[in-house]
Amino acid sequence: MTRFTKILLAGVALAASGSIVRAADLTEPVGPVVVETNGGFYLGSVSSLTFLDDTSFAAGGARVGTDYDVGYYSGVRAGYSFGDMGYVSPRVELEVGYGNASVDNHRVSGVGAISSIDSFGDASTILGYVNGYLDIPLGGQLSAITPYVGGGVGVMNLELRRQGVAGVATLMDDDDTRFAYHLDAGVGINIQELGLFTNFALLTNTTFDIGYRFTAADDFSFTARDGSRSETDFRSHAVIVGFRKSF
């Protein structure tokens, strides 16, 4: 065998081996890229103890300011979580609810405070919001606890219902609807990740929320029983609790 023939055969063998390696590379299975997410739809509720700031209205040529007892709010919500996106997990939801706070006492300009026994009525609200939140997963040993911040915008119907003074009359019984917003901050707690109630299927994928909510709406217009017209604002602070069950 000549030297040229040996070189030619060696080249053919090298080329063949390279082709085999390239073919193996082309046929090697490539697994799909998996992006972990904990997003999805959820249903839930929200309730609160509400501390309503004073409201006021005009009646009989005087200005009547109203203090309230601690009130309550209850609502239902449906939303969607987009899952983990870096350091946060955004979600959006719709919320509707009802709130109420009873009158503690009225204060009449030029007269002073009317006793709680003689003051009556309440303030009731019907609210509808579009909410947005950012969950902030902590991970590791704190994975069961997820802080959140957010809020919502929508509408509020505020009714100053049968507010008046015993022995005098019902001075105000009217309602109005205005734009409203709220700001929230709190934590979501996955009870089963804490090792509690692990045998309760109802609590699977359930997050309990506890936090703070500030709610505001401006320029409600009311007409008293004697025809006096006036405006007032709504402000409240609340300790909120609730749950979200993901599907």
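Cut-offs applied
Think of each chain on its own: its residues are numbered from 1, step by step along the sequence as written. Confidence filtering applies because this is a predicted model: local features only for residues at pLDDT of at least 70, side-chain atom pairs given and counted only at 80 or more, and all residues used for totals across whole chains, interfaces and linings. Note: side-chain values were computed over all heavy atoms of the structure, leaving out hydrogens and water. Each helix is a run of DSSP H or I of at least 4 residues and each strand a run of E of at least 2, with the numbering of both proceeding from the N terminus. We call two N or O atoms a polar contact when they sit within 3.5 Å, provided that within protein one can donate a hydrogen and the other can accept it, with sequence-adjacent residues counted only if both atoms are side-chain atoms. Note on definitions: a residue-residue contact is assigned when non-hydrogen atoms from the two residues lie within 4.5 Å. One speaks of a salt bridge when a side-chain nitrogen belonging to Lys or Arg is within 4 Å of a carboxyl oxygen belonging to Asp or Glu. Remark: exposure states derive from per-residue accessible area (1.4 Å probe, protein chains only) relative to the maximum for the residue type, with buried under 20%, exposed over 50%, and partly exposed in between. In this description, a nonpolar core means a group of buried Ala, Val, Leu, Ile, Met, Phe, Trp, Tyr and Cys residues linked to one another through side-chain atoms lying within 4.5 Å. pLDDT: the predictor's confidence for each residue, scored from 0 to 100. Only rings of Phe, Tyr and Trp enter the pairing, Trp through its six-membered ring, and a pair is recorded when the two centres are within 6.5 Å. The plane angle decides the type: under 30 degrees is stacked, over 60 is edge-to-face, the rest tilted. Sitting over a ring, as applied to charges here, requires NZ of Lys or CZ of Arg to be within 6 Å of the ring centre and within 35 degrees of the ring normal.

A word on the side chain of Arg 213
Then, number 1: Tracing the backbone shows Arg 213 in strand β10 (residues 206-223).
Then, number 2: At a separation of 3.0 Å, a polar atom in the side chain of Arg 213 contacts the side chain of Asp 184.
Then, number 3: If we ignore the near neighbours within four places in the chain, the residues touching Arg 213 are Tyr 73, Glu 95, Tyr 129, Tyr 133, His 182, Leu 183, Asp 184, Ser 236, His 237, Ala 238 and Ile 240.

Some remarks on the pattern of salt bridges
Then, number 1: Across all of its chains, the model carries 13 salt bridges by this definition.
Then, number 2: The residue Asp 209 makes a salt bridge to Arg 77 at a minimum N-O spacing of 2.8 Å. With Asp 209 in strand β10 and Arg 77 in strand β4 (residues 71-81), this residue pair connects regions lying 132 residues apart in the sequence. An identical accessibility class is assigned to Asp 209 and Arg 77; each is buried.
Then, number 3: In this structure, the salt-bridge partner of Asp 184 is Arg 213, at a minimum N-O distance of 3.0 Å. Here Asp 184 is found in strand β9 (residues 169-189), whereas its partner Arg 213 is found in strand β10, with 29 residues between them in sequence.
Then, number 4: By relative accessible area, which is 5% here, Asp 184 ends up buried.
Then, number 5: For Arg 213, a relative accessible area of 5% corresponds to the buried category.

Concerning the nonpolar core
Then, number 1: Ranked by internal contacts, the top residues of the largest apolar core, which has 30 residues, are Tyr 68, Met 156, Leu 158, Leu 160, Phe 220 and Phe 234.
Then, number 2: Not counting residues up to four positions away in its chain, the partners in contact with Leu 160 are Thr 55, Phe 57, Tyr 68, Asp 122, Ala 123, Met 172, Asp 173, Asp 174 and Phe 222.

A word on the confidence of the model for the protein chain
Then, number 1: Residue-level pLDDT values for the protein chain average 87, and 85% of them are 70 or greater.
Then, number 2: Contacts from residues 19-37, a stretch scored under 50 in pLDDT, to residues over four places away or in other chains number three contacts.

Quick notes on the packing of aromatic side chains
Then, number 1: Per the stated rule, a full pass over the model turns up six aromatic pairs.
Then, number 2: Plain terms: the ring middles of Tyr 80 and Phe 82 are 5.1 Å apart, the flat faces sit at 80° to each other, and that makes the pair edge-to-face.
Then, number 3: Judged by relative accessible area, which is 29%, Tyr 80 ranks as partly exposed.
Then, number 4: Residue Phe 82 is classed as partly exposed on the basis of its relative accessible area of 39%.
Then, number 5: By the ring-pair criterion, three or more aromatic residues cluster together here, those being Phe 41, Tyr 80 and Phe 82.
Then, number 6: Note that Arg 91 overlies the ring of Tyr 148, its terminal NZ or CZ placed 5.7 Å from the centroid.

Observations concerning unusual backbone geometry
Then, number 1: For Arg 162, which is not glycine, the phi torsion reads 50° and is therefore positive.
Then, number 2: Structurally, Arg 162 is set in strand β8 (residues 145-165).
Then, number 3: The phi dihedral of Asn 205 is positive, around 60°, even though this residue is not glycine.
Then, number 4: Tracing the backbone through its elements, the reader meets Asn 205 in the loop between β9 and β10.

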